[in-house]
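# Coordinate inspection notes
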Amino acid sequence: MKNAFIAYIAAGIAFLAVDSVWLSSMADRFYRPLLGDKLMDGFNLAPAVVFYLIYVGGIVFFAVLPALASGGLMKAAINGLALGLVAYATYDLTNHATLRDWPVAVSVVDIAWGTFLTGISASAGYLAVSKLGN
């Protein structure tokens, strides 16, 4: 339980920190020009917090804990990359399939970003447990 908690906190900090830099630098430069009025000014905090809490739990469950049980850092990273690819592709491709004028570029970039971000966050969670866990 202690290891899962350490992994959750570390993966969560990494995810929030890296994603904050991405979103603050790319929202107006990339997303807003392509999504226009589909994109809110600012964001709705409650669903964002719920997403982060659930998604970081998924990173720990699907990537970090299996790597701790049998594997290592590379397994945590690969599992994180796979989770990010599946999760972000689900979101973006569903939008692409159901929303009018959803740009292909947004799907491609966002899927790549989510894949990278989740791999980094899973790695951070694994490394934290390696240093601080039992």
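Residues numbered from 1 in each chain as written. Predicted model: local features only at pLDDT ≥ 70, side-chain atom pairs only at ≥ 80, totals over all residues. Heavy atoms only, no water.

- Under an unreviewed UniProt entry, the name given to the protein is Putative membrane protein, and the organism recorded is Pseudochelatococcus contaminans.

## Overview of the UniProt feature "transmembrane region" (unreviewed entry) in the protein
- According to UniProt, the "transmembrane region" (unreviewed entry) feature falls on residues 5-25, 45-65, 72-91 and 111-129.
- Its end C-alpha atoms 29 Å apart, residues 72-91 is made of 95% helix and 0% strand. (UniProt positions renumbered as here; feature names shortened; annotations may be inferred. Helix = DSSP H or I, 4+ residues; strand = E, 2+ residues; numbered from the N terminus.)

## As for the side chain of Thr118
- Among the secondary structure elements, Thr118 is positioned in helix H4 (residues 104-132).
- Dropping the residues within four chain positions of it, Thr118 is found in contact with Phe15, Tyr55, Ile59, Gly80, Leu83, Gly84 and Tyr88. (Contact = heavy atoms within 4.5 Å.)

## Let's talk about the pattern of salt bridges
- This structure, assessed with the given rule, holds 2 salt bridges.
- The shortest N-O distance in the salt bridge between Asp28 and Arg32 comes to 2.9 Å. With Asp28 and Arg32 both in helix H1 (residues 2-35) and 4 residues apart, the pair spans about one turn of that helix.
- A relative accessible area of 55% means that Asp28 is categorised as exposed.
- For the salt bridge of Arg32 with Asp41, the shortest nitrogen-to-oxygen distance reads 3.5 Å.
- Each member of the salt-bridge network shares a partner with another, and the members are Asp28, Arg32 and Asp41. (Salt bridge = Lys/Arg side-chain N within 4 Å of Asp/Glu carboxyl O. Buried < 20%, exposed > 50% of the residue type's maximum accessible area, 1.4 Å probe, protein only.)

## Observations concerning the packing of H1 against H4
- Orientation of H1 relative to H4, taken along the N-to-C sense of each, is 155°, at an axis distance of 7 Å. It follows that H1 is roughly antiparallel to H4 by the angle criterion. Of the two elements, H1 crosses H4, and the hand of that crossing is right-handed.
- The class makeup of the residues in the contact of H1 with H4 is 21 nonpolar, 4 polar and 3 charged. (Axes fitted to C-alpha atoms, helices over the stretch in contact; angles between N-to-C directions. Parallel < 35°, antiparallel > 145°, perpendicular 65-115°, else oblique. Left-handed = near helix turned anticlockwise from the far one by under 90°. Nonpolar A, V, L, I, M, F, W, Y, C, P; charged D, E, K, R; others polar.)

## A look at the packing of aromatic side chains
- Counted by the stated rule, this structure contains 11 aromatic pairs.
- Relative to Tyr55, the ring of Phe15 lies with its centre 5.4 Å away and its plane at 55°, an arrangement referred to as tilted. Highlighted residues: Phe15 in helix H1 and Tyr55 in helix H2 (residues 45-69), separated in sequence by 40 residues. With respect to class, Phe15 is no different from Tyr55; both count as buried.
- A centroid spacing of 4.4 Å and a plane angle of 10° characterise the contact between Trp22 and Trp113, whose relative ring orientation is stacked. One end of the pair, Trp22, is in helix H1; the other, Trp113, is in helix H4, and 91 residues separate them in sequence.
- Residue class for Trp113 comes out buried when judged on its relative accessible area of 11%.
- Through a chain of ring-to-ring contacts, the aromatic side chains of Phe15, Phe51, Tyr52, Tyr55 and Tyr88 assemble into a single cluster. (Phe/Tyr/Trp six-rings, centres within 6.5 Å; stacked < 30°, edge-to-face > 60°.)

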